[in-house]
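# Per-entry structural report
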Amino acid sequence: MGSDKGRTKPQHSAGKEQCILCGRLTEMAKKRPISKREHYIEGAGQLCRKCYQELYVPKHNANVVQLASQNISDKWFS
Ligand SMILES: [Zn+2]
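Residues numbered from 1 in each chain as written. Predicted model: local features only at pLDDT ≥ 70, side-chain atom pairs only at ≥ 80, totals over all residues.

### A word on the overall build of the protein chain
A tally of regular secondary structure across the protein chain gives 1 helix and 4 strands. Each helix and strand of the protein chain, ordered N terminal to C terminal, gives the series β-β-β-β-α. Within the protein chain, contacts between residues separated by at least 24 positions form 32% of all contacts whose residues are at least 6 apart in sequence. (Helix = DSSP H or I, 4+ residues; strand = E, 2+ residues; numbered from the N terminus. Contact = placed C-beta atoms within 7 Å.)

Shown next as structure tokens:
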């Protein structure tokens, strides 16, 4: 045992993790191993899908858009 430390959150969420940002109940069971979780930020906690996407997708998109626009801007804007 040792994966069960740090349980300081209130236990009123019916066995599901709450999003650390918006506090909404996620679909992620607390029993689920962190290694098998989606939208989990190590050292921070569980995010709901929406917050995770808001945190991470814009960064990736920004990079992709930057790269893409450099390559396709001639075709795209002409
Ligand atoms: Zn959230």
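### Quick look at the pairing of strand β2 (residues 25-29)
Two elements, strand β1 (residues 16-18) and β2, share 2 bridges in a ladder whose sense is antiparallel. Opposite Gln 18, over in β2, you have Leu 25 as the bridge partner. As consecutive antiparallel partners, β1 and β2 are separated by 6 residues, and within that stretch Gly 23 has a phi angle of approximately 80 degrees, a positive value. (Pairing = 2+ DSSP bridges.)

### Considering unusual backbone geometry
The phi dihedral of His 39 falls on the positive side, at around 65 degrees, and the residue is not glycine. Position of His 39 relative to the elements: it lies in the loop between β2 and β3 (40-41).

This is a description of form; function is not addressed.
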